[in-house]
Number of protein chains: 2
Amino acid sequence: MITNMKHIKNKLEAKGVKPTYQRLCVLKYLEKNMNHPTAEMIYENIAKKIPTMSKTTIYNTLNLFLENGLIHAVTITGTEVRYDINTFSHHHFLCRKCGKIVDIEVKCPFCDGEITQINGSKIEEIHGYFKGICKKCREKNNKVER
Amino acid sequence: MITNMKHIKNKLEAKGVKPTYQRLCVLKYLEKNMNHPTAEMIYENIAKKIPTMSKTTIYNTLNLFLENGLIHAVTITGTEVRYDINTFSHHHFLCRKCGKIVDIEVKCPFCDGEITQINGSKIEEIHGYFKGICKKCREKNNKVER
DNA sequence: TTCATGTTTGTAATCATTACAGATTTAATA
DNA sequence: TATTAAATCTGTAATGATTACAAACATGAA
Ligand SMILES: [Mn+2]
Ligand SMILES: [Mn+2]
Ligand SMILES: [Zn+2]
Ligand SMILES: [Zn+2]
């Protein structure tokens, strides 16, 4: 993944979003951190370098990115929004032990765009969420639960 | 769907949950209202008849039901939990126009229990959420959008 | 009755997110 | 270059769903 400033600037301009310094920072963070961070995580990191950064700006920026299709919202935890730079339709797995959220590659006719309607209702967003125990956490228990 | 008190009482006892008056009320409401209500909606309705009912009891009861597998949580809106008496794995559609949440019947190997693991991670919960415009809302616009 | 345990209730706290208004920046225009 | 309107950013206050907590109440055994 290319994460230089020029590339990020182009990405914003391609969507008609003015590439301000704050917006470049947020988009750069999301390209570097593909682990579906929270607004808080993004804020904490950026505020280290730019102490004047406001949390409201983080939220404003993320919402602007969402409206312009630059990012996707992942609401798998139910408690807060996680942000995803990967805007291709894909599924997610949340480990209830370690809390990590990882992308899931499964054959899905909805993600593939083969099915765009259900009973006459138009599908605009697809969210496939799985919850359980990830492989690493299972192995950590030394015994593989069935 | 049978919604008499005897049936509801049995359902609680079968899960080892003491059938208190408040719990019977909440479970009865959920059996009568399969439209995935919020805690607020459940509270408002029950409080009409039982003014002493506390909202905390509603939350306590719903969480108890969740722990005992009597109901499922649907977090499709991202803003609040919706509660579902239907504990068979199934998908949901949220209309961004009218806000209704409806059950979706799609062939899904995860819901069917055919696939219980992904890359060594154990699947315990499946959430299939679709968002868009429902059939009725599309027809209301008089023109069927593509 | 006494006592322990479980349940319910009301209020206060929490936490993510949004509303709002003032300050600052940007960019167009004169 | 100076003026000025629009856009953006910032900090604080408000919102809303949910939980924490402690007191009141109910239940059932000893
Ligand atoms: Mn992802
Ligand atoms: Mn349902
Ligand atoms: Zn894990
Ligand atoms: Zn609708």
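Residues numbered from 1 in each chain as written. Chains lettered and ligands numbered in written order. Predicted model: local features only at pLDDT ≥ 70, side-chain atom pairs only at ≥ 80, totals over all residues. Heavy atoms only, no water.

A. Examining the coordination of the zinc ion (ligand 4) more closely. Residues and elements named next belong to chain B. Surrounding the zinc ion (ligand 4) are the protein donor atoms Cys95 (SG), Cys98 (SG), Cys134 (SG) and Cys137 (SG), at 2.3 to 2.4 Å. For the zinc ion (ligand 4), the four donor atoms in the first shell make angles of 103 to 118° at the metal, a pattern classed as tetrahedral. Sequence positions of the donors to the zinc ion (ligand 4) reduce to the motif C-x2-C-x35-C-x2-C. Linking Cys98 in the loop between strand 3 (91-95) and strand 4 (101-104) with Cys134 in the loop between strand 6 (121-133) and helix 5 (135-140), this pair joins segments that are 36 residues apart in sequence. (Donors = N, O, S within 2.8 Å, 3.2 Å for Na, K, Ca; no water. Tetrahedral: all angles 85-135°; square planar, octahedral: opposite > 155°, others 65-115°. Helix = DSSP H or I, 4+ residues; strand = E, 2+ residues; numbered from the N terminus.)

B. Broad picture of the relation of the copies chain A and chain B. When chain A is fitted onto chain B, the two copies agree to an RMSD of 0.0 Å after a turn of 180° and an axial shift of 0.0 Å. Overall, the copies show the geometry of a two-fold rotation axis. In terms of C-alpha distance to the rotation axis, chain A has Gly128 of chain A as its closest residue, with the C-alpha 2.4 Å off the axis. Both copies contact each other with a shared surface, as 97% of the interface residues of chain A are interface residues in chain B too. (Least-squares fit on C-alpha atoms with pLDDT ≥ 70 in both. Contact = heavy atoms within 4.5 Å.)

C. Spotlight on the coordination of the zinc ion (ligand 3). Residue and element names in this part refer to chain A. For the zinc ion (ligand 3), the full set of protein donor atoms is Cys95 (SG), Cys98 (SG), Cys134 (SG) and Cys137 (SG), and the range of their distances to it is 2.2 to 2.4 Å. For the zinc ion (ligand 3), the four donor atoms in the first shell make angles of 102 to 117° at the metal, a pattern classed as tetrahedral. Here the donor residues of the zinc ion (ligand 3) are spaced in sequence according to C-x2-C-x35-C-x2-C. Residue Cys134 is classed as buried on the basis of its relative accessible area, which comes to 14%. (Buried < 20%, exposed > 50% of the residue type's maximum accessible area, 1.4 Å probe, protein only.)

D. A look at the domain arrangement of chain A. If you check the domain split of chain A, you get domain 1 (4-74) and domain 2 (88-140). On a C-alpha basis, the centres of domain 1 of chain A and domain 2 of chain A stand 24 Å from each other. (Domains from an automatic or database assignment.)

E. Inspection of the packing of aromatic side chains at higher detail. Applying the stated rule across the entire model yields three aromatic pairs over all chains. For the ring pair Tyr129 of chain A and Tyr129 of chain B, a centre distance of 6.1 Å and an interplane angle of 80° mean the geometry is edge-to-face. Of the two residues, Tyr129 of chain A sits in strand 6 (residues 121-133) while Tyr129 of chain B sits in strand 6, which places them in two different chains. A relative accessible area of 3% means that Tyr129 of chain A is categorised as buried. (Phe/Tyr/Trp six-rings, centres within 6.5 Å; stacked < 30°, edge-to-face > 60°.)

F. Spatial organisation of the protein's contact with DNA strand D. Near DNA strand D lie 16 residues; those nearest to it are Thr20, Gln22 and Thr57 of chain A together with Tyr59 and Val81 of chain B. Among the atoms of DNA strand D close to the protein, meaning within 4 Å, 70% are from sugar or phosphate groups. In the environment of DNA strand D, a phosphate oxygen lies 3.3 Å from a nitrogen or oxygen atom belonging to the side chain of Asn63 of chain B. Contributions of two or more residues to the surface near DNA strand D are made by helix 2 (21-32) and helix 4 (55-67) of chain A together with helix 4 (55-67) of chain B. When its residues are assigned to classes, the surface near DNA strand D shows three nonpolar, ten polar and three charged. (Near = heavy atom within 4 Å. Polar contact = N/O pair within 3.5 Å; in protein donor to acceptor, adjacent residues only side chain to side chain. Nonpolar A, V, L, I, M, F, W, Y, C, P; charged D, E, K, R; others polar.)

G. Representation of the protein's contact with DNA strand C within the structure. Surrounding DNA strand C, one finds 16 residues, the nearest of these being Tyr59 and Val81 of chain A together with Thr20, Gln22 and Thr57 of chain B. Here, DNA strand C places atoms within 4 Å of the protein, and 72% of those atoms are sugar or phosphate. Side-chain polar atom of Tyr59 of chain A to a phosphate oxygen of DNA strand C: 2.6 Å apart, as the coordinates give it. Contact distances for DNA strand C include 3.1 Å between a phosphate oxygen and a backbone N or O atom of Thr52 of chain B.

H. Layout of the pattern of salt bridges. Inspection of the entire model under this criterion finds 16 salt bridges over all chains. The partner of Glu31 of chain B in a salt bridge is Lys11 of chain B, and the shortest N-O contact between them spans 2.5 Å. Residue Glu31 of chain B is located in helix 2 (residues 21-32), and its partner Lys11 of chain B is located in helix 1 (residues 5-14); the two are separated by 20 residues in the primary sequence. The exposure class assigned to Lys11 of chain B is partly exposed, which follows from its relative accessible area of 24%. The salt bridge involving Lys107 of chain B is made with Asp112 of chain B; its shortest N-O contact spans 2.9 Å. Residue Lys107 of chain B is classed as exposed on the basis of its relative accessible area, which comes to 70%. Here Asp112 of chain B falls in the partly exposed class, since its relative accessible area comes to 42%. One salt-bridge network, in which partners are shared between bridges, spans Arg96 of chain A together with Lys122 and Glu124 of chain B. (Salt bridge = Lys/Arg side-chain N within 4 Å of Asp/Glu carboxyl O.)

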